[in-house]
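This is what each chain is made of:
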Amino acid sequence: MTNSKKYHHGDLTKSLLDSASSLIKEHGVESLSMRKLADVVGVSRTAPYHHFKDKNALLCALAEKGFYEQEELLCQLLKQTLPTADLFKQYVHLYLEYAQQHSETYDLMYGRVIWKAGTPTDSLVAASRQTFKTWIDWVEKLQQENILPADNSALRIGQTTWASLHGLARFYLDGIYLDKEDLSGMVDQMIKNLCRSPH
């Protein structure tokens, strides 16, 4: 099946996002251009602009996709019938694994390329807020079940707990801690620090 036939019936937006994700994973965000993306996907060099206004919009769409993937990880985890403390431990590991496996996307989701140097789209802002709301809703339940401290609001506990997760993820992504055994030990200790009591 040729590209033209495929995209006549398929979803070019998804193909552009998938290819852009692969490109930044292999070569970094700086190497991504709308022209290069069009060449990789096999469409005209004007085709991507029918789906994304410019590179900023494309990067925002990648970050938006990442937020929804992160939210889905949590939603799928919560379907498991495990003790809440075990679910929290699993989530911490899943969060860090996602950051490691999708490092370039994670950088877009939480980095300066979009939020400081670029212009976040409305849909990206909405996706980030939705993902954070899902997290805060769960934090409230974790407080109710005495997993996380209840001496402050779910919002404040959720913010500081997430900051710990993000900080450890950044240590790994920035090359400060690369030894996986060392990182695993840090994760276990961080969970103990975050939880209200040892679990």
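Residues numbered from 1 in each chain as written. Predicted model: local features only at pLDDT ≥ 70, side-chain atom pairs only at ≥ 80, totals over all residues. Heavy atoms only, no water.

The protein chain is annotated in an unreviewed UniProt entry as TetR family transcriptional regulator from Marinomonas aquiplantarum.

## Points about the packing of aromatic side chains
Each pair of aromatic rings is reported with the distance of its centres and the angle of its planes. Defined as follows: Working definition: rings of Phe, Tyr and Trp (its six-membered ring) pair if their centres are within 6.5 Å, and the pair is stacked with planes under 30 degrees apart, edge-to-face with planes over 60 apart, and tilted otherwise. Helix numbering and strand numbering both begin at the N terminus, where a helix is a DSSP run of H or I of at least 4 residues and a strand a DSSP run of E of at least 2. Categorising residues by exposure relies on relative accessible area from a 1.4 Å probe, with only protein chains included: less than 20% of the type maximum marks a residue as buried, more than 50% marks it as exposed, and the intermediate range marks it as partly exposed.
Under the definition given, this model contains 9 aromatic pairs. Between the aromatic rings of Tyr106 and Tyr110, the centroid separation amounts to 4.8 Å while the plane-to-plane angle is 55°, which identifies the pairing as tilted. In this pair, Tyr106 and Tyr110 are both assigned in helix H6 (residues 103–110), 4 residues apart and thus about one turn of the helix distant. Owing to a relative accessible area of 0%, Tyr106 belongs among the buried residues under this scheme. An aromatic cluster is present here, built from Phe67, Phe88, Tyr91, Tyr95, Tyr106, Tyr110, Trp135, Trp138 and Trp162 joined pairwise through their rings.

## What about the nonpolar core?
Where we set the bar: Throughout this description, the term nonpolar core refers to a set of buried Ala, Val, Leu, Ile, Met, Phe, Trp, Tyr and Cys residues connected via side-chain atoms within 4.5 Å. Contact between two residues is taken to exist if any of their heavy atoms lie within 4.5 Å; hydrogens are not considered.
Counting residues in each nonpolar core, the largest one holds 30 residues, and the members touching the most others are Phe88, Tyr91, Val92, Trp135 and Trp138. A total of 8 residues in this core trace back to one element, the largest contributor, which is helix H5 (residues 84–101). Excluding anything up to four places from it in sequence, Phe88 contacts Trp135, Trp138, Leu142, Ile147, Leu148, Thr161, Ile191, Leu194 and Cys195. One finds Leu12, Met34, Ala38 and Ala47 within the second-largest nonpolar core, a separate group that totals 29 residues.

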